[in-house]
Structures are given as structure tokens and as C-alpha cells.
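Reading the structure
Single-letter residue listing:
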Amino acid sequence: MKRYKLFFTLIALFAFANFSFGQITGSGHDFSSNAWANNEICIVCHTPHNGTATANAPLWNRQLSSVGSYTLYSSPTFDAAGSVVDPVGSSTSNSRLCLSCHDGTVALENFGGTTTGSAYVPGYANVGTDISNDHPISFTYDPALATTDGGLYDPTTRPALGGTISSTMLFSGQLECASCHDVHDNINGSFLRMSNTGSALCLTCHNK
Ligand code: HEC
Ligand code: HEC
Ligand code: HEC
Ligand code: HEC
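Predicted model, so just to flag it, every value in this text is computed and none were measured.

On to the overall build of the protein, then. Looking only at helices and strands, the protein features 6 helices and 4 strands. For the protein, the N- to C-terminal ordering of α and β elements is α-α-β-α-β-β-α-β-α-α. Taking all 208 residues of the protein together, 33% fall into the buried category. Relative to all contacts within the protein whose residues are 6 or more apart in sequence, the contacts with residues 24 or more apart total 56%.

This is the structure we're talking about:
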């Protein structure tokens, strides 16, 4: 009797471990159950061949947003203001990849040459083309900015995710959507790259 109990407990443990392991399968970014996704996951965003040869876009397979420009974040204390680039048409910002769904203007099915889709991100996930009320993105975060700001850690020395902020969280030295989010892994909820319990994510960069 006891042995059966142990057996089932182990099965349950393995099942749980398997289920809770960080992965894109079954997450909100797994569209494979939709008829238009060809029973595949990666294809909606990537292709092994003939991707859009845009800089900072890993084998990208999606139509990019054609919005002319975004309304960007600003505030009197925003020191990085001068280095912000508009993700649209920028070769240094990979946030435009997220915005190719999350600005709400490009249909989910618009990949691999299709431009006639009709399904869009749900309202809660639609950040829109006015991103001035969202955490600033698309700017250089370097030691000089940390010094000017006074309330930020030096990204080249501050430990983060097994490296430093610069080596693990920035893209071409820039802070982007993917600095905080891992599009492929929803284990922390909200596709966050680490748990934000106690605001741990925020306190990785902000010295508050
Ligand atoms: C919903 C869109 C989306 C889907 C689906 C997706 N990716 Fe990505 N992927 C991205 C974005 C955006 C980036 C660039 C941002 C980054 O690196 O985090 C990226 C980056 C990558 C990279 C380069 C950076 C790294 O993490 O090594 C690889 C490799 C990759 N994806 C593989 C895959 C594979 C394999 C799949 C399918 C199992 C997949 N992706 C599914 C959006 C997606
Ligand atoms: C192919 C379109 C597509 C791309 C590209 C894409 N997303 Fe999403 N994302 C979605 C959809 C659709 C949802 C809503 C899923 C749902 O509610 O089931 C979503 C949900 C999310 C959520 C909310 C998850 C939650 O549980 O609250 C976050 C955060 C997110 N995406 C971040 C990103 C980031 C960051 C990138 C780029 C690195 C990105 N996404 C790229 C389509 C996309
Ligand atoms: C500085 C970190 C950071 C950056 C940069 C960032 N996010 Fe988020 N995002 C978060 C956190 C933290 C949450 C979870 C909020 C919560 O649970 O209340 C979140 C939540 C979301 C959600 C879920 C809906 C919501 O409003 O809670 C979406 C969608 C999303 N982010 C998309 C994006 C996109 C697209 C970008 C780039 C344009 C981006 N994020 C940039 C930290 C960030
Ligand atoms: C990867 C590093 C990083 C993470 C993670 C991060 N931030 Fe930031 N944040 C920055 C940088 C860099 C700036 C730009 C500061 C400046 O130039 O004044 C900034 C700007 C801000 C600003 C605007 C400051 C101003 O003066 O207008 C606020 C508020 C803020 N972050 C809050 C948060 C919160 C809340 C979180 C967690 C949900 C968070 N940040 C996560 C790096 C980060």
C-alpha cells in the first residue's frame, strides 16, 4: 500500500516538474492550436530560411508594424531621453519585434508573407502605438547613464541572471521589452525573465 503511495507521489512530482518547467509550449505565445499556425510554434515568429534580413531580428518571419512612429516615454527626470530611438525603422531596437503584435496594428496570422490576418492581441496585451505610459524602451543603458541618474546600478558590473545586466539583459547595449520579458518562457508569469516578488526585477537595475 505504502509503496503504491510513493509510486503515485513520484508520478505526480514528475508530472508537475515537467509541467512547470519553463517553456513556450502551452503558453500564451504558443499558437499551434490555431488552424493558421500549421501545428507549429516557432513559425509564427521565426523561419529557418528566407527570414526578413533585418538587423537584430533573429530569422524573423513576421510582418513588421508600419506605424510611422510611436509616442515615446518622457519625463523631467528621464536622463536617457537623448538616446531613445523609435523602434519603428530602427536597426538597433528589437522591441519592434514584440510590437509586430503588441501595438495592435499587425494581425497575429501575418507571418510568412501573409498580410490578410484578422486576429489581434487581446485588449489587455495591446500596448498600442502610444507607449509613453509604459516603461521606457529603446535606449542605451551604460555606466554613464547610471552615473548621471544616480539611482541606477552600473549595468557592466551589476550581477543579473548569471551574468551582468549588460551581458544578459541588454540588446546592443539597449534596454528593450526583452530586457524584462522572455518571449519563450512564462514560468514566472507575464513572460518575466525573473520573479518580480518583492519587486526583485525592478531592483536588479534600480538602486532604490
Ligand atoms: C511570439 C513570437 C515568438 C515565438 C513563437 C518564438 N520566438 Fe524566438 N524570439 C522571438 C523574439 C521577439 C526574439 C528576440 C528577443 C529575444 O532574444 O529575447 C526571439 C529570439 C530567439 C532566438 C535568439 C535568442 C535566443 O534566445 O537564443 C532563438 C534561438 C529563438 N528565438 C528560437 C525560437 C524557437 C526555437 C521557437 C519555437 C520553439 C521560438 N523562438 C518561438 C519571438 C518568438
Ligand atoms: C505573434 C504575435 C506576438 C509576438 C511577436 C509577441 N507576442 Fe506577446 N502575446 C501575444 C498574444 C496573442 C498574447 C495574449 C496571449 C493570451 O492572452 O493567451 C501575448 C501575451 C503577452 C504577455 C502577457 C502574458 C500574461 O500572461 O500576462 C506579455 C508580457 C507578452 N506577450 C510580451 C511579449 C514580448 C516582450 C514580446 C517580444 C519579445 C512579445 N510578447 C511578442 C502575441 C505576441
Ligand atoms: C522594465 C521592465 C519591463 C519592460 C522594459 C517591459 N515590460 Fe512588460 N511588463 C513588465 C512587468 C513587471 C509586467 C507585469 C505587470 C504586472 O504583473 O502587474 C509586465 C506586463 C506586460 C504585459 C501584460 C499586460 C499588462 O499590462 O500587465 C504585456 C502585454 C507586456 N508587459 C508587454 C510589453 C512590451 C510589448 C514591452 C515593450 C514595448 C514591455 N512589456 C516592456 C515589465 C516590463
Ligand atoms: C534592465 C534594467 C531595468 C529594469 C529591470 C527596470 N528598469 Fe526602470 N529603468 C531603467 C533605466 C535604465 C531607466 C532610465 C532611467 C533614466 O534615464 O532616468 C528606467 C526608467 C524607469 C522609470 C522612469 C524614470 C524617470 O525618471 O522618468 C521608472 C519609474 C522605472 N524605470 C521603474 C521601474 C519599475 C517599477 C521596474 C520594475 C517593474 C523597472 N523600472 C525595471 C532600467 C530598468
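Here we take up the site of ligand 2. Near ligand 2, the surroundings consist of 19 residues, among which His29, Cys98, Cys101, His102 and Tyr124 are the closest. At 4 residues, helix 2 (residues 95-102) tops the list of elements feeding residues into the shell around ligand 2. Residues that form the shell around ligand 2 fall into these classes: 13 nonpolar, 5 polar and 1 charged.

Let us look at the coordination of the iron atom of ligand 2. The textbook angles at a metal center are 109.5 degrees for a tetrahedron of four donors and 90 or 180 degrees for an octahedron of six. Listed as protein donors to the iron atom of ligand 2 are His29 (NE2) and His102 (NE2); their distances from the metal cover 2.0 Å. One way to put it: the 6 donor atoms around the iron atom of ligand 2 meet at angles of 87 to 179 degrees, and that makes the site octahedral. Of this pair, His29 sits in the loop between helix 1 (2-20) and helix 2 while His102 sits in helix 2; the two residues are 73 residues apart in sequence, bridging distant segments of the chain. The exposure class assigned to His102 is partly exposed, which follows from its relative accessible area of 24%.

Now for the packing of aromatic side chains. Tallied over the full model, the rule gives 4 aromatic pairs. Considering the side-chain rings of Trp36 and Phe111, the 6.2 Å spacing of their centres and the 55 degrees angle between planes classify their relative orientation as tilted. On the criterion of sequence distance, the pair formed by Trp36 in the loop between helix 1 and helix 2 and Phe111 in the loop between helix 2 and strand 1 (139-140) is long-range, its members being 75 residues apart. By way of ring pairs, the aromatic residues Phe31, Trp36 and Phe111 are connected into one cluster. In this structure, Arg158 is placed above the aromatic ring of Tyr153, and the distance from its NZ or CZ to the ring centre is 3.7 Å.

Right, let's get into the coordination of the iron atom of ligand 4. The iron atom of ligand 4 binds to the protein through His135 (NE2) and His206 (NE2); the donor distances cover 2.0 to 2.1 Å. Seen from the iron atom of ligand 4, its 6 donor atoms lie at angles of 87 to 179 degrees, and the figure they make is octahedral. One end of the pair, His135, is in the loop between helix 2 and strand 1; the other, His206, is in the segment after helix 6 (200-205), and 71 residues separate them in sequence. The exposure class assigned to His206 is partly exposed, which follows from its relative accessible area of 30%.

Mapped onto the elements, Ser90 comes out in the loop between helix 1 and helix 2. Side-chain polar atoms of Ser90 contact the backbone nitrogen of Ser93, separated by 3.1 Å. When residues no more than four places from it in sequence are discounted, the contact partners of Ser90 are Val85 and Arg96.

So, about unusual backbone geometry. Even without glycine at this site, Asn50 takes up a positive phi of about 55 degrees. Of note, Ser172 is a non-glycine position whose phi angle comes to about 50 degrees, a positive value. When you line up the elements, Ser172 lands in the loop between helix 4 (165-168) and strand 4 (174-175).

What follows deals with the site of ligand 3. The environment of ligand 3 is made up of 13 residues, and the closest members are Tyr124, His135, Cys177, Cys180 and His181. Class assignment for the residues of the shell around ligand 3 results in 7 nonpolar, 5 polar and 1 charged.

How each quantity is defined
Residues numbered from 1 in each chain as written. Chains lettered and ligands numbered in written order. Predicted model: local features only at pLDDT ≥ 70, side-chain atom pairs only at ≥ 80, totals over all residues. Heavy atoms only, no water. Helix = DSSP H or I, 4+ residues; strand = E, 2+ residues; numbered from the N terminus. Buried < 20%, exposed > 50% of the residue type's maximum accessible area, 1.4 Å probe, protein only. Contact = heavy atoms within 4.5 Å. Near = heavy atom within 4 Å. Nonpolar A, V, L, I, M, F, W, Y, C, P; charged D, E, K, R; others polar. Donors = N, O, S within 2.8 Å, 3.2 Å for Na, K, Ca; no water. Tetrahedral: all angles 85-135°; square planar, octahedral: opposite > 155°, others 65-115°. Phe/Tyr/Trp six-rings, centres within 6.5 Å; stacked < 30°, edge-to-face > 60°. Lys NZ or Arg CZ within 6 Å of the ring centre and 35° of its normal. Polar contact = N/O pair within 3.5 Å; in protein donor to acceptor, adjacent residues only side chain to side chain.

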